[in-house]
Amino acid sequence: MSNVVKRIFIAGHKGMVGSAIVRQLSHLPNVELITRERNELDLLDTQAVNQFFAENSIDQVYLAAAKVGGIVANNTYPAEFIYQNLTIQNNIIHAAHSHDVQDLLFLGSSCIYPKFAEQPMVESALLTGILEETNEPYAIAKIAGIKMCESYNRQYGRNYRSVMPTNLYGENDNFHPENSHVIPALIRRFHEAKLAEQTQVIAWGTGKPMREFLHVDDMAAASIHVMNLDEDIYQGNTQPMLSHINVGTGIDCTIRELVETVAKVVGYQGDIVFDTSKPDGTPRKLMDVSRLEKLGWVASISLEDGLKETYQWFLANQNTFRK
């Protein structure tokens, strides 16, 4: 193995995905991780980002920084979601190119796909239909990021790749009682119900919709795998609809199965009641991951094992969460 040290910048290293990438890269030899706190480097400041790249000889960039949130946040602050995400990725991608960084990985989201995309969703479904209204500004920004990477590859021969994960969960997730996604929300709800000895927990909807979930450690492993694939194996860098890769398990479950598994992991033994008057949302949302599998990577953490690990992390860190 080469003794040359590779300097890798992880933008968004405090977030769920960024911190998972840091954990895994930190175990590799001949790697120097470059990170900056928000008060050290404002990614919305074009001049500051450019100066950072000018002063640091960077070999690779993992662009995991983003403004993220649930449905309520996306609905309430659409201007912030589109402006901040576009600005962060524009600043980093262009500065990386300007300072001759050849390798960059942009992290997107499965919400880039049309609201009524065929299931499972293939990469070529991009831009074939209207988006889900609630997070359209965020999705538009992520689509722009894909196309920006693709464009710098086409025009300048860069090696800027994009990965689109399914629903993520795990260490450093957001367990806020109002703003969290489904898995951290369920873990917290069942944990508190167990402590309070509640006889029942109410879940929204029928429990029939199907969703796919990927542990963040698997996401980090997939990101590192894709980043380091040889160009002749990866291919598609400059081809429209082929410059991004889906990342998921390729397996989904019903919301009812998810709820029952979380209850089992937490040790809640009361009744679970589904309030069928509440909305179900999209019937199914599953990623086609056959392209990633052909490139040599498959998820390794089962949902139940991942939930157990996440619950243990929640227990160890619950005193740091907002009430």
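Keep in mind that what you see is a predicted model, and the values were worked out from it rather than measured.

A.B. asks: Is there a simple way to explain the packing of aromatic side chains in this structure?
C.D. replies: Two aromatic rings are characterised by how far apart their centres lie and by the angle between their planes. The tally for this structure, following the rule as stated, stands at nine aromatic pairs. With 5.1 Å between their ring centres and 45° between their planes, Phe-175 and Phe-314 make a pair best called tilted. With Phe-175 in the loop between β6 (167-169) and α6 (182-195) and Phe-314 in helix α11 (residues 303-317), this residue pair connects regions lying 139 residues apart in the sequence. Residue class for Phe-175 comes out buried when judged on its relative accessible area of 1%. The rings of Phe-175, Tyr-311, Trp-313 and Phe-314 are connected pair by pair, giving a single aromatic cluster. One residue, Lys-67, lies across the ring of Phe-81, its end atom 5.1 Å from the ring centre. The ring of Trp-204 carries Lys-278 above its face, with NZ or CZ at 5.3 Å from the centroid.

A.B. asks: Please clarify how the sheet that holds strand β3 (residues 60-63) should be interpreted in this entry.
C.D. replies: Think of a sheet as strands paired side by side through backbone hydrogen bonds, with each pair either parallel or antiparallel. Within the open sheet, the six strands sit side by side as β2-β1-β3-β4-β5-β10. Their pairing is parallel. Lying at the two open borders of the sheet, with one neighbouring strand each, are β2 (31-34) and β10 (244-247). Averaged over all pairs of adjacent strands, the angle between their axes in this sheet comes to 20°, without regard to strand direction. Bridge count for strand β1 (residues 6-11) against β3 is four bridges, and the pairing is parallel. Bridging from a neighbouring strand, Ile-8 pairs with Gln-60 of β3. Contacts from helix α4 (residues 78-98) reach β1, β3, β4 (103-107) and β5 (159-165) within the one sheet, and its direction differs from that of β3 by about 170°. In the packing of helix α5 (residues 136-156) onto the sheet, contacts are made with β4, β5 and β10, and the angle to β5 comes to roughly 155°.

A.B. asks: Even after reading the chapter, I still don't get the pattern of salt bridges, so can you show me in this structure?
C.D. replies: Pairs may arise between side chains of opposite charge once their charged atoms sit close together. Under the criterion given, the structure shown has 13 salt bridges. When the shortest N-O distance is used, the salt bridge between Lys-115 and Glu-132 registers 4.0 Å. With Lys-115 in the loop between β4 and α5 and Glu-132 in the loop between β4 and α5, this residue pair connects regions lying 17 residues apart in the sequence. Among the ionic pairs, Lys-264 bridges to Glu-304, the shortest N-O distance being 3.1 Å. A residue pair is termed long-range when its members are at least 10 positions apart, and Lys-264 in helix α9 (residues 255-266) and Glu-304 in helix α11 qualify at 40 residues. For Lys-264, a relative accessible area of 57% corresponds to the exposed category. Within this structure, Arg-23, Glu-171 and Asp-217 form a network of salt bridges that share partners.

A.B. asks: Whenever I open this one, the environment of Glu-309 confuses me. Can you help?
C.D. replies: Looking at the element boundaries, Glu-309 is found in helix α11. Exposure remark for Glu-309: the relative accessible area of 28% places this residue in the partly exposed category. Sequence separation between Glu-309 and His-215 is 94 residues, and the spatial gap between their C-alpha atoms is 9.6 Å. Polar contacts involving the side chain of Glu-309 include one to the side chain of His-215, which spans 2.7 Å.

A.B. asks: Which parts of the structure should I look at to understand the sheet that holds strand β11 (residues 253-254)?
C.D. replies: The three strands are arranged β11-β8-β13 in an open sheet whose pairing can be described as mixed. In this open sheet, the two edge strands, each paired with only one partner strand, are β11 and β13 (284-285). Direction of pairing for strand β8 (residues 210-211) relative to β13: parallel, over a ladder of two bridges. Bridging across to β13, Arg-211 finds its partner in Lys-285.

A.B. asks: Explain unusual backbone geometry here, please?
C.D. replies: Most peptide bonds adopt trans geometry, and most residues besides glycine take a negative phi value. Cis peptide bonds are those with omega within 30 degrees of zero, and the linkage from Gln-119 to Pro-120 qualifies with -10°. By the element assignment, Pro-120 lies in the loop between β4 and α5. Positive phi, normally seen in glycine, also occurs at Leu-127, with a value near 65°. Structurally, the position occupied by Leu-127 is in the loop between β4 and α5. In this structure, Asn-172 is a non-glycine residue whose phi angle is positive, near 70°. Residue placement: Asn-172 occurs in the loop between β6 and α6. For Asn-172, a relative accessible area of 30% translates into the label partly exposed.

A.B. asks: In this structure, what is going on with the packing of α4 against α5? I would like to understand it.
C.D. replies: A pair of packed helices is captured by two measures, namely the crossing angle of their axes and the spacing between those axes. The contact between α4 and α5 brings their axes to 8 Å, and the two run at 15°. Taken together, the axes of α4 and α5 are roughly parallel relative to one another. Along this stretch, α4 crosses α5, giving a crossing that reads as right-handed. From α4, Pro-78, Phe-81, Ile-82, Asn-85, Leu-86, Gln-89, Asn-90, Ile-93, His-94 and His-97 reach across to α5, where they touch Pro-137, Tyr-138, Ile-140, Ala-141, Lys-142, Ala-144, Gly-145, Met-148, Cys-149, Tyr-152 and Tyr-156. Broken down by class, the residue content of the contact of α4 with α5 amounts to 14 nonpolar, six polar and one charged.

Reading the values: rules and limits
Residues numbered from 1 in each chain as written. Predicted model: local features only at pLDDT ≥ 70, side-chain atom pairs only at ≥ 80, totals over all residues. Heavy atoms only, no water. Phe/Tyr/Trp six-rings, centres within 6.5 Å; stacked < 30°, edge-to-face > 60°. Helix = DSSP H or I, 4+ residues; strand = E, 2+ residues; numbered from the N terminus. Buried < 20%, exposed > 50% of the residue type's maximum accessible area, 1.4 Å probe, protein only. Lys NZ or Arg CZ within 6 Å of the ring centre and 35° of its normal. Pairing = 2+ DSSP bridges. Axes fitted to C-alpha atoms, helices over the stretch in contact; angles between N-to-C directions. Contact = heavy atoms within 4.5 Å. Salt bridge = Lys/Arg side-chain N within 4 Å of Asp/Glu carboxyl O. Polar contact = N/O pair within 3.5 Å; in protein donor to acceptor, adjacent residues only side chain to side chain. Parallel < 35°, antiparallel > 145°, perpendicular 65-115°, else oblique. Left-handed = near helix turned anticlockwise from the far one by under 90°. Nonpolar A, V, L, I, M, F, W, Y, C, P; charged D, E, K, R; others polar.

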